[in-house]
Amino acid sequence: MKAVTWQGKRDVRVEEVPDPRIKEPTDAVIRITSTGLCGSDLHLYEVLTPFMTPGDILGHEPMGIVEEVGAAVPDLAAGDRVVVPFQIACGNCWMCMTGLPTQCETTQVTSEGMGAALFGYTRLYGAVPGAQAEYLRVPQAQFGPIKVPEGPPDDRFVYLSDVLPTAWQAVAYADVPEGGSVAVLGLGPIGDMACRVAQVRGAGRVFGVDLVTERLRRARARGVETYDLRSFDSEKELVQAIRDETDGRGPDAVIDAVGTEAHGSAAARLAQNASALLPRRISGPFAERFSIDRLAALHTAIELVRRGGTLSLTGVYGGMADPLPMLTMFDKQIQIRMGQANVRRWSDEIIPYLTDEDPLGVDDFATHHVPLSDAPRAYEMFQKKQDGMVKVLMKP
């Protein structure tokens, strides 16, 4: 089959690889009909290269048709239409039963000290072959895949794999009071969808911050009060502008949907790039022990949120030596929640919104649909934010 493979920093290729097959009774194999290009994939393209191996298959946002199931997968059959969550979880362990499938005790990558295995996401998360491919082996298929009805196009449901539950959890963790205010930093796919989720969940005012014209325009068209970072000379000016709209306090909650790719901190960027240039045998240990995130967005979030408010971190961070303003965080009595989205924890709450009325705007959420063969160009355009690209779906 054809699949998108990682070959090095900013080097992805579509290659022929072996077809997946059933290995365990809890496996399924699906034929992929749509697969997303996620902002998290750019971390592999740019930042997390020390944890990648040439030939790794990328991608973690698939949906498709079941081709084959193992003997221990009673609720799926060939021909079922399914969305596959980005994490691999059993559904039966203590963590899964308490709503934390990202910490699944069956698939935890204990050799790396990490949580549940993920599709297409570095050796830290199990080096599981990913979903930007024609076919996908799905471990723990007795729990993971979400069956969806025939009829509507893939765009209606594909975001159940990642974008929707990630944005939903970001808003749930933000704990925005009914009629309250929330600021979303970063209006890429997750930040954009988080704004929409906040609106349908009852937020009174939603502020969105970014520096990409197309992203600001999309959010503004849906009633978000947008702030162009390029219009301010400093973080303090931006913070004050939003405080002025919230009785001088700041918003009740701030969602950081940017993560380690944030603009700012040249020193942190240098450290990120340096680890990628080291020989492979030492680049991984170096990155694990000494990696530093670019924390511009997080520092802005800490400054912006009102006293006693909540920070919800959904952007990916991976540093182990990050300096944080602990004095400010403690003094402001900030609550912080973070982590990978627990997809099956939220999917049943989200599905009722995936109707013909389309309150979340999923049907036209993708800005670009491309064939899988165009993946290398799509990665480059997405990383460079070209052609108004916000969300990409690929068709094998």
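Since we're looking at a predicted model, the values are computed, not measured.

Caption draft 1: Main features of the packing of helix H3 (residues 163-174) against helix H11 (residues 343-350). Packing of H3 against H11 brings their axes to within 9 Å, and their N-to-C directions diverge by 90°. One element, H3, and the other, H11, form an angle in the roughly perpendicular class. Across from Leu164, Pro165, Trp168, Gln169, Ala172 and Tyr173 in H3, the residues of H11 making contact are Val343, Trp346, Glu349 and Ile350. Class assignment for the residues of the contact of H3 with H11 results in eight nonpolar, one polar and one charged.

Caption draft 2: Summary view of the sheet that holds strand S1 (residues 2-8). Taken in spatial order, the three strands make up an open sheet running S2-S1-S4, and their pairing is antiparallel. Pairing within the sheet leaves two strands with one partner each, and these edge strands are strand S2 (11-16) and strand S4 (56-57). Pairing geometry for S1 and S2, over six bridges, is antiparallel. Residue pairing in the sheet places Trp6 in a bridge with Val12 of S2. Along the sheet face, helix H12 (residues 375-384) touches S1 and S2 and points at about 160° away from the line of S2.

Caption draft 3: A look at the state of the cysteines. What the rule picks out here adds up to zero disulfides. Sulfur of Cys93: no disulfide; nearest cysteine sulfur belongs to Cys96 and is 3.6 Å away.

Caption draft 4: Structural detail: the packing of aromatic side chains. Scanning the model with the defined rule gives six aromatic pairs in all. Ring geometry for Tyr159 versus Phe365: centroids 5.3 Å apart, planes at 80°, classification edge-to-face. Taken as a pair, Tyr159 in the loop between strand S8 (146-147) and H3 and Phe365 in the loop between H11 and strand S15 (368-371) lie far apart in primary sequence, 206 residues in all. Here Phe365 falls in the buried class, since its relative accessible area comes to 0%. In this arrangement the basic side chain of Arg337 is found over the ring face of Tyr173, its NZ or CZ atom lying 3.9 Å from the centre. The ring of Trp346 has Arg345 sitting right over it, with the charged end atom 4.0 Å from the ring centre.

Caption draft 5: Broad picture of the nonpolar core. Ranked by internal contacts, the top residues of the largest apolar core, which has 72 residues, are Tyr159, Leu164 and Met193. By residue number, the principal contributor to this core is H3, which donates nine residues. Per-domain counts for this core show at least three residues from each of domain 1 (2-162 + 342-394) and domain 2 (164-338). Judged by nonpolar contacts, the second largest core, of 20 residues, contains Leu185, Ala241, Leu304 and Leu311.

Caption draft 6: Structural view of the pairing of strand S7 (residues 135-138). Only one face of S7 is covered, namely the face carrying Leu136 and Val138; the face carrying Tyr135 and Arg137 is uncovered. As paired strands, strand S3 (residues 28-37) and S7 are joined by four bridges and run antiparallel to one another. The partner of Val29 across the bridge, within S7, is Arg137.

Caption draft 7: Main features of the environment of Glu214. By secondary structure assignment, the location of Glu214 is in helix H5 (residues 213-221). Glu214 gets classed as partly exposed once you look at its relative accessible area, which sits at 23%. Distance from Glu214 to Asp387, taken between C-alpha atoms, is 8.9 Å for residues 173 residues apart in sequence. Among all residues touching Glu214, those that are not within four sequence positions of it are Gly388 and Val390.

Caption draft 8: View of unusual backbone geometry. The phi torsion at Ala127 lies on the positive side, around 50°, for a residue other than glycine. Looking at where Ala127 falls in the secondary structure, it is placed in the loop between helix H2 (94-97) and S7.

Caption draft 9: Broad picture of the sheet that holds strand S13 (residues 310-313). Pairing is parallel in the open sheet, where six strands are placed in the order S11-S10-S9-S12-S13-S14. The open sheet has two free edges, formed respectively by strand S11 (225-228) and strand S14 (335-338), since each of these has just one partner strand. For this sheet the average axis-to-axis angle between neighbouring strands, irrespective of direction, equals 20°. Sheet strands in contact with H5 are strand S10 (205-210) and S11, and its direction is about 165° off that of S11.

Caption draft 10: Local environment of helix H9 (residues 296-304). Burial in H9 covers these residues: Ala297, Leu298, Thr300, Ala301, Ile302 and Leu304. On its buried face, H9 sits against strand S9 (181-185), helix H6 (235-243), strand S12 (253-256), S13 and helix H10 (326-331).

Caption draft 11: Expanded view of the pairing of S11. With four bridges connecting them, S10 and S11 associate as parallel partners. Bridge pairing links Gly208 to Thr226 in S11.

Caption draft 12: Up close: H11. Within H11 the residues assigned to the buried category are Val343, Trp346, Ser347 and Ile350. Taken down its axis, H11 places every buried residue within 120° of arc, on the same side.

Caption draft 13: Region of the structure containing the packing of H3 against helix H4 (residues 189-200). One way to put it is that H3 packs onto H4 with a least axis distance of 8 Å and a crossing angle of 60°. For the element pair H3 / H4, the angle class is oblique. Note on packing geometry: the crossing formed by H3 with H4 is right-handed. Contacts between H3 and H4 involve Val163, Leu164, Thr166, Ala167, Trp168 and Val171 from the first element and Pro189, Ile190, Met193, Ala194, Val197 and Ala198 from the second.

Caption draft 14: Structural detail: the pattern of salt bridges. Across all of its chains, the model carries 24 salt bridges by this definition. Arg156 is the partner of Asp363 in a salt bridge, and the nearest nitrogen-oxygen pair spans 2.7 Å. Of the two residues, Asp363 sits in the loop between H11 and S15 while Arg156 sits in the loop between S8 and H3, which places them 207 residues apart along the sequence. Overall, the relative accessible area of 7% leaves Arg156 in the buried class.

Rules used throughout
Residues numbered from 1 in each chain as written. Predicted model: local features only at pLDDT ≥ 70, side-chain atom pairs only at ≥ 80, totals over all residues. Heavy atoms only, no water. Axes fitted to C-alpha atoms, helices over the stretch in contact; angles between N-to-C directions. Helix = DSSP H or I, 4+ residues; strand = E, 2+ residues; numbered from the N terminus. Parallel < 35°, antiparallel > 145°, perpendicular 65-115°, else oblique. Contact = heavy atoms within 4.5 Å. Nonpolar A, V, L, I, M, F, W, Y, C, P; charged D, E, K, R; others polar. Pairing = 2+ DSSP bridges. Disulfide = S-S within 2.5 Å. Phe/Tyr/Trp six-rings, centres within 6.5 Å; stacked < 30°, edge-to-face > 60°. Buried < 20%, exposed > 50% of the residue type's maximum accessible area, 1.4 Å probe, protein only. Lys NZ or Arg CZ within 6 Å of the ring centre and 35° of its normal. Core = buried A, V, L, I, M, F, W, Y, C linked by side-chain atoms within 4.5 Å. Domains from an automatic or database assignment. Arc of directions from axis to C-beta. Left-handed = near helix turned anticlockwise from the far one by under 90°. Salt bridge = Lys/Arg side-chain N within 4 Å of Asp/Glu carboxyl O.

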